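The residues making up each chain are set out below.
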Amino acid sequence: MKNTIRIQRAIKNITQAELADLVQVSRQTINTLESGKYIPSTVLALKIAAVFGVAVEEVFQLEDGD
């Protein structure tokens, strides 16, 4: 699964730590999400999309083989 968290953060001008606080996870969780090493729960994906004000599909996309 790929994501646009880094891009969405840049648009909103927020840090990993700020996003982490807003969705109640650690900064390390945001880092592992951005690097593609961790797949979020549905709840976390929805929270992240809500912070950015976009649909969850704009942040997270399935790749071939997912």
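Read on for an overview of the structure. (Residues numbered from 1 in each chain as written. Predicted model: local features only at pLDDT ≥ 70, side-chain atom pairs only at ≥ 80, totals over all residues. Heavy atoms only, no water.)

### With respect to the overall build of the chain
Of regular secondary structure, the chain possesses five helices and two strands. Going residue by residue from the N terminus, the α and β elements of the chain occur as β-α-α-α-α-α-β. Rg of the C-alpha trace for the chain: 11 Å, near the compact-globule value of 11 Å for 66 residues, within the 12% margin. Taken along the three principal axes of its C-alpha coordinates, the chain extends 30 × 20 × 20 Å. The buried share among the 66 residues of the chain stands at 32%. Here the analysis covers contacts within the chain between residues at least 6 apart in sequence; of these, 54% occur between residues at least 24 apart. When the accessible surface of the chain is summed, it comes to about 4200 Å², and 52% of that surface belongs to carbon and sulfur atoms. (Helix = DSSP H or I, 4+ residues; strand = E, 2+ residues; numbered from the N terminus. Rg over C-alpha atoms; globule rule 2.2 N^0.38 Å. Buried < 20%, exposed > 50% of the residue type's maximum accessible area, 1.4 Å probe, protein only. Contact = heavy atoms within 4.5 Å. Areas by Shrake-Rupley, 256 points an atom, 1.4 Å probe, with all protein chains shown as cover.)

### Looking at helix α4 (residues 42–52)
Where α4 is concerned, the buried positions are Leu44, Ala45, Ile48, Ala49 and Phe52. Down the axis, α4 shows its buried residues gathered within 135° of arc, on one side only. The exposed set on the far side of α4, more than 90 degrees from its buried face, consists of Thr42, Val43 and Ala50. Where α4 ends, the next residue or the one after it, glycine 53, has phi of about 70°, a positive value. (Arc of directions from axis to C-beta.)

### Details of unusual backbone geometry
The backbone of asparagine 13 sits at a positive phi, close to 60°, despite the residue not being glycine. In this structure, asparagine 13 sits in the loop between α1 (5–12) and α2 (16–23). Of note in this structure, glutamine 24 is not a glycine but carries a positive phi near 60°.

### A look at the side chain of threonine 4
Take threonine 4: it is sitting in the loop between β1 (2–3) and α1. Residue contacts for threonine 4: discarding those within four places in its chain leaves Glu58, Val59 and Gln61.

### What to know about the packing of α2 against α4
Taken N-terminus to C-terminus, the directions of α2 and α4 make an angle of 115°; their axes are 10 Å apart at the nearest point. In terms of crossing hand, the pair formed by α2 and α4 is right-handed. On the side of α2, the interface is formed by Leu19, Leu22 and Val23, while α4 contributes Leu44, Lys47, Ile48, Val51 and Phe52. Across the contact of α2 with α4, the residue classes break down as seven nonpolar, no polar and one charged. (Axes fitted to C-alpha atoms, helices over the stretch in contact; angles between N-to-C directions. Left-handed = near helix turned anticlockwise from the far one by under 90°. Nonpolar A, V, L, I, M, F, W, Y, C, P; charged D, E, K, R; others polar.)

### Here we look at the nonpolar core
Counting residues in each nonpolar core, the largest one holds 14 residues, and the members touching the most others are Ile5, Leu19, Ile30, Ile48, Phe52 and Val59. Broken down by secondary-structure element, the contributors of at least two residues to this core are α2, α3 (27–34) and α4. With five residues, the single largest contributor to this core is α4. (Core = buried A, V, L, I, M, F, W, Y, C linked by side-chain atoms within 4.5 Å.)

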